[in-house]
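Fold and contact review
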Amino acid sequence: MPEVDERILVESKDAEGITESEDKAFVSGDVDVSVYGRVIEEKQIYTKSSDDEGGENIEKEESVEEIDIFKVGNNASRETDSRNVTISKTVDKVESINCVDDFHKRPSVKPEGVDEGYNSISEDKKKADNFLKLKLETEEILRKEALDRLASDNFRKGHKLFYYPEIVEPDRDIEIFFNRSFSTLKFEPDVIIMGAFNDWKWKSFAINLSKTQLNGDWWSCKVYVPREAYKIDFVFYNGNDVYENNDEQDFCITVEGGMDGFDFENFLLEEKRKEQEEVMRRKAERERQVEEQRRIEAEIVESEADRAQAKEEVAKRRGMLQELLKDAVTSFVNVWYIEPTEFGANDRVRLYYNRSSGPLSHAKDIWIHGGHNHWKDGLSIVSKLIKSESKDGDWCCADVVVPDQAVVLDWVFADGPPKQAVVYDNNLLQDFHAIVPKSIPGELYWVEEEQQIYKSLQAERRLREEALRAKAEKTVRLKEETKERTLKTFLLSQKHIIYTDPIDVHAGSTVTVFYNPANTVLKGKSEIWLRCSFNRWTHRMGLLPPQKMIPIENGSHLKATVKVPLDAYMMDFVFSEREDGGIFDNKNGMDYHVPVFGGVVKEPPMHIVHIAVEMAPIAKVGGLGDVVTSLSRAVQDMNHNVDIILPKYDCLKHSNVKDLQFHKSYSWGGTEIKVWTGKVEGVSVYFLEPQNGLFWVGCIYGRANDGERFGFFCHAALEFLLQSGFHPDIIHCHDWSSAPVAWLFKEHYMHYGLSKARVVFTIHNLEFGANLIRKAMEFSDKATTVSPTYAQEVSGNSAVAPYLFKFHGILNGIDPDIWDPYNDKFLPVPYTSENVVEGKRAAKEALQEKLGLEKSDLPLVGIITRLTHQKGIHLIKHAIWRTLERNGQVVLLGSAPDPRIQNDFVSLANQLHSSHGHRANLCLTYDEPLSHLIYAGADFILVPSIFEPCGLTQLTAMRYGSIPVVRKTGGLHDTVFDVDHDLERAQACGLEPNGFNFDGADGAGVDYALNRAISAWYDGREWFDSLCKRVMEQDWSWNRPALDYLELYHSARK
């Protein structure tokens, strides 16, 4: 053991109650280095080499190591002994292990003036090994001394355990010592430690303890501390049912120098992300295997079907051939014959025909139009006959080659080549047939024929399947691209106030938030503070500390930087004028939200229940039914749960309901109500059928007691939710017909089991049921109407005005699956924006042919509407005549509920048929296929409504590349941006101009828009075609409205 020059014991500043005798240190070999609450400062240790010539003093670096003592108490994770011990390991660190390695590797250089007896490399290595051995021996001695002292001291203090080393670091082993005699396990033969790390969240373990040689009943084991640990949590037990758990507080040891709790949570989230990716990969692989198996099985079935069809086709051909052979000959006296009489496939033969034998006796020229095997391959023989010099009479002939595999030749004679002939000799409609004598097929021929047909069928089927697959993939791709564009537009729609860089925020990234107070209530404030959280203010981190925003260069925006956690799916913002609050900008109570992508936590789904009296396509009267279905589908596609409650009318279109079945019965108001369930357009629907007959009347509306019928339904729907144990987040009711839901819920049901729900009410048309709408506005949590402009137009209405603080305008959308020119079965050519010109040209030609219009390249104006005063029927009439004056074509599809209006348009239709039948057609009925063809074939769609809450016609028109010409009202103003006047307004919405509009309600207004539209068509076709492409690429589906409704739903739940 090396000689120790001196050891000095220095009292810790935090040490208390240390006896005088403990303040001394000894220089003997029996050194006590475990004094509780002391710091031993190691000076320098010198060792002398046994080689006198090379002997040098090697200076040992000074080191001080402070060790935390085991924490104990009622809550070991929070209480720390007041005394700290810092023990200097009196270790001979001659250089350190690395220095020893360097010394070992150092080459031997012979100094000048030293003789050949200089130590060799092996002697240097020996010295280094000795140093290392000495170091390890010293460390072990000091370890034993430290453990003895710790054991003695902790036993004296009655502590149940201690650990070594006393500073626990990650990625190392520690020894845990447990005094059995101080615990509930003092009589147990086995002691086991059971634990985990980081509040029991990470890597559990169970290790048997062994009895040690230390004084007292000390048991120990080694535990590896993983690199992710910041705390060790554990208890002891006997392997059965006796535990020592530190008075139900558990034991814990703090790990120094590694992760903290926040870092560990992020680590767990990253692990969860990897796990999710692996789960998704495995799921995708399983789905691929299932799909591959399905494809193989389908291929077997289809192949068998092809084989059966080939057999059937061969049998059919054999039968036909047999019939042909009965009638086929090698010649017909005085009409035709063939030379030579014996011939086979691919032989050249001469066919003679007596022109005087039939209707071609006076024809200038004679042609043969021929084929084979009952015209199997169509025309395969075409030749002009010449006069025969070797035959007397009016004979002519032609040399022809017998087609391959021909068994029977088929032909007619004509006075000209195909498509030019007028007079035919077709053997009295029987055609001419001749046997090919050397080609009568045997059994082998039919086997080969079947195989050939089978291969042909397979090739055709695979081409069809590939075309369908490619089309389906393109449809999905187009929808996804549209969604991405719409989401980006949605994120940028509030750029004048707030946006992020990058726009697409990803979990785990750092983003910069930009805010422009000039457009908010915080305009002019000297300071702006950002308040931010995540996941709609529910994130585990809570509200982040307020952050003062700093100005950016060359702009009015301010900025702040935010770190987005891995488990975020939404960023949430409000802004204030001071750090402690003051005036807030919270977007009128909606707050600002930005979605986060790629997080390991997904947004919890909401449960939305629509209570409505219409639903497309099973019970549709107007736009309400379209909204209920399409909005439900769009929100459901965003991973939320949606149900619809609807009356079970006796006039339902049951063919559009999948899996309709009886669900249950319940009673309310003295009436039994049967409940049926089914799927409509993929959405779950509950049909309520009261047995009092209120909905067995053959119609949806139009009864004198409609108010009573729908009031009963609203009450019954809420009762169904209550009795079925439903707990929806949102109850969404629509128009006057389900308006009673709002107050019935608030007055009766929210206190009896449905307290979780919030009520959203939508006005589709304020012209009906104003009193009921007024009451629903009062009781609803949030209210909407179907466009922002219509919301402004009705804001002064007494039913709405008191409730503007909760009233919002959200545009409707159209269903892109129903209205899809790329997959529309009613169109002659499917098209997208890529081939819009070709697609619309084909549709226009088909429309002109179907309606008897002149097939000319003229501007075509389409009108698809209900013929009511609301729709501007006087403007429609004016526009028809104006279009005809401009040499355009016009098509109208629609009918009037008012017989007088219907008769008026019937008279107009008759007048137009007489005067402009080749350029105008009025179809005064409902025709779904024709409506699709008009949307596609028209250049313009006219919508001159006097008022229009939203309007879907102009949206559908743009989906098909037709340019809308509209009056500026309601939703028409919100969706159609004039190409000459609305550039800035369009850009503010993230769009480009897309049509023509007008203000007035007279002929001059219509003329202003319609003249500009038709002139644009005549004067700049290339520009007009680009406009058609542009409007097709704008998204008027429910992608954007669904996002707005979700924000509204969340706001209602705040």
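Below or above, wherever it landed, is the structure these notes cover.

Rules used in this analysis
Residues numbered from 1 in each chain as written. Predicted model: local features only at pLDDT ≥ 70, side-chain atom pairs only at ≥ 80, totals over all residues. Heavy atoms only, no water. Helix = DSSP H or I, 4+ residues; strand = E, 2+ residues; numbered from the N terminus. Buried < 20%, exposed > 50% of the residue type's maximum accessible area, 1.4 Å probe, protein only. Contact = heavy atoms within 4.5 Å. Phe/Tyr/Trp six-rings, centres within 6.5 Å; stacked < 30°, edge-to-face > 60°. Lys NZ or Arg CZ within 6 Å of the ring centre and 35° of its normal. Pairing = 2+ DSSP bridges. Core = buried A, V, L, I, M, F, W, Y, C linked by side-chain atoms within 4.5 Å. Axes fitted to C-alpha atoms, helices over the stretch in contact; angles between N-to-C directions. Polar contact = N/O pair within 3.5 Å; in protein donor to acceptor, adjacent residues only side chain to side chain. Nonpolar A, V, L, I, M, F, W, Y, C, P; charged D, E, K, R; others polar. Salt bridge = Lys/Arg side-chain N within 4 Å of Asp/Glu carboxyl O.

1. Overview of the overall build of the protein chain
Assigned secondary structure in the protein chain consists of 20 helices and 46 strands. A total of 1054 residues make up the protein chain; the buried ones form 50% of that total. Across the protein chain, the fraction of contacts at a sequence separation of at least 24, relative to all contacts at a separation of at least 6, is 68%.

2. Quick look at the packing of aromatic side chains
The tally for this structure, following the rule as stated, stands at 43 aromatic pairs. Ring geometry for Phe 162 and Phe 177: centres 4.6 Å apart, planes at 10°, overall stacked. Linking Phe 162 in strand 3 (residues 161-164) with Phe 177 in strand 4 (residues 172-179), this pair joins segments that are 15 residues apart in sequence. With respect to burial, Phe 162 and Phe 177 carry one shared label: buried. Taking the centre distance of 6.0 Å and the plane angle of 35° together, the rings of Tyr 666 and Phe 720 count as tilted. Linking Tyr 666 in strand 34 (residues 658-668) with Phe 720 in helix 6 (residues 706-723), this pair joins segments that are 54 residues apart in sequence. Look at Phe 720 and you get buried, because its relative accessible area is 0%. Grouped by ring-pair contacts, the aromatic residues Tyr 649, Phe 695, Tyr 701, Phe 710, Phe 713 and Trp 736 constitute a single cluster. Over the face of the ring belonging to Tyr 1008 we find Arg 1012, whose NZ or CZ atom lies 4.2 Å from the ring centre. Stacked on the ring of Trp 1017, the Lys or Arg Arg 1021 has its end atom at 3.9 Å from the ring centre.

3. Quick notes on the pairing of strand 30 (residues 581-585)
In regular strands, side chains alternate between the two faces of the sheet. Pairing geometry for strand 29 (residues 570-578) and strand 30, over three bridges, is antiparallel. Bridge pairing in strand 30 links Phe 575 to Asp 585. With antiparallel pairing between neighbouring strands as the criterion, strand 29 and strand 30 make up a hairpin whose turn holds two residues.

4. What about the pairing of strand 29?
Taking burial as the measure, the nine residues of strand 29 include eight buried ones, the bulk of the element. Pairing of strand 25 (residues 529-534) with strand 29, which is carried by six bridges, proceeds in the antiparallel orientation. Its bridge partner being in strand 29, Cys 532 is matched across the sheet by Phe 573. Note that strand 29 and strand 31 (residues 592-597) share four bridges and pair antiparallel. Paired with Asp 572 across the strands is His 593, a residue of strand 31.

5. Comments concerning the sheet that holds strand 28 (residues 558-563)
Picture the strands of a sheet paired through backbone hydrogen bonds; they go either parallel or antiparallel. The four strands are arranged 22-24-28-27 in an open sheet whose pairing can be described as antiparallel. On the outer flanks of this sheet lie strand 22 (498-501) and strand 27 (550-551), each paired with one strand and no other. In this structure, strand 24 (residues 510-515) lies alongside strand 28, joined through six bridges in antiparallel fashion. By the bridge assignment for strand 28, Phe 514 is matched with Lys 559.

6. Observations regarding the nonpolar core
Counting residues in each nonpolar core, the largest one holds 81 residues, and the members touching the most others are Ile 611, Ile 618, Ile 645, Leu 688, Leu 718, Met 777 and Tyr 1049. Excluding residues that lie within four positions of it along the chain, Ile 645 makes contacts with Val 609, His 610, Ile 611, Ala 612, Tyr 686, Leu 688, Phe 713, Ala 717, Phe 720 and Leu 721. In this structure, Leu 847, Ala 909, Val 976 and Met 1032 belong to the second largest nonpolar core, which totals 74 residues.

7. Comments concerning the sheet that holds strand 8 (residues 218-225)
Taken together, four strands build an open sheet; the order of strands is 3-4-8-7 and the sheet is antiparallel. Across the chains shown, the open sheet's two edge strands, defined by having one partner strand only, are strand 3 and strand 7 (210-211). Here four bridges tie strand 3 to strand 4, and the two strands are oriented antiparallel to one another. In the strand pairing of strand 4, Phe 162 is matched with Phe 177. The strands that helix 2 (residues 121-157) touches are strand 3, strand 4 and strand 8; relative to strand 3, the one it contacts most, it runs at about 160°.

8. A few points about the environment of Tyr 701
Tracing the chain through its elements places Tyr 701 in the loop between strand 36 (683-690) and helix 6. Residues Tyr 701 and Ser 737, spaced 36 residues apart in sequence, show a C-alpha to C-alpha distance of 9.7 Å. Those residues in contact with Tyr 701 that sit more than four places away from it in its chain are Val 613, Glu 614, Val 621, Asp 706, Phe 710, Trp 736 and Ser 737.

9. Some details on the side chain of Gln 902
Along the chain, Gln 902 turns up in helix 13 (residues 899-916). For Gln 902, the side chain forms a polar contact with the main-chain nitrogen of Ala 896, separated by 2.7 Å. Among the polar contacts made by the side chain of Gln 902, one reaches the main-chain carbonyl oxygen of Leu 924 at a distance of 3.3 Å. Contacts of Gln 902, omitting those with residues within four sequence positions, involve Ser 895, Ala 896 and Leu 924.

10. Focus: helix 9 (residues 770-779)
Those residues of helix 9 that sit buried are Ile 773, Ala 776, Met 777 and Phe 779. For helix 9, the secondary structure elements touched by its buried residues are helix 7 (735-738), helix 8 (740-749), strand 38 (758-763), strand 39 (782-785) and strand 40 (807-809).

11. Details of the packing of helix 18 (residues 1003-1019) against helix 19 (residues 1021-1033)
At a minimum axis separation of 6 Å, helix 18 and helix 19 run at an interaxial angle of 115°. Side by side, helix 18 and helix 19 meet where Ala 1016, Trp 1017 and Asp 1019 of the first sit next to Arg 1021, Trp 1023 and Phe 1024 of the second. Each residue belonging to the contact of helix 18 with helix 19 can be placed in one class, and the counts come to four nonpolar, no polar and two charged.

12. Here's the deal with the pattern of salt bridges
The tally for this structure, following the rule as stated, stands at 68 salt bridges. Note that Glu 299 is salt-bridged to Arg 462, the shortest N-O span being 2.8 Å. Residue Glu 299 is found in helix 3 (residues 261-327), and its partner Arg 462 is found in helix 4 (residues 443-492); the two are separated by 163 residues along the sequence. Where Lys 376 meets Glu 449, a salt bridge forms, and the shortest distance between an N and an O atom there is 3.1 Å. With a gap of 73 residues between them, Lys 376 in the loop between strand 15 (367-372) and strand 16 (381-384) and Glu 449 in helix 4 connect regions that are remote in the sequence. Linked through salt bridges whose partners overlap, the residues forming this network are Glu 299, Asp 306, Arg 461, Arg 462 and Glu 465.

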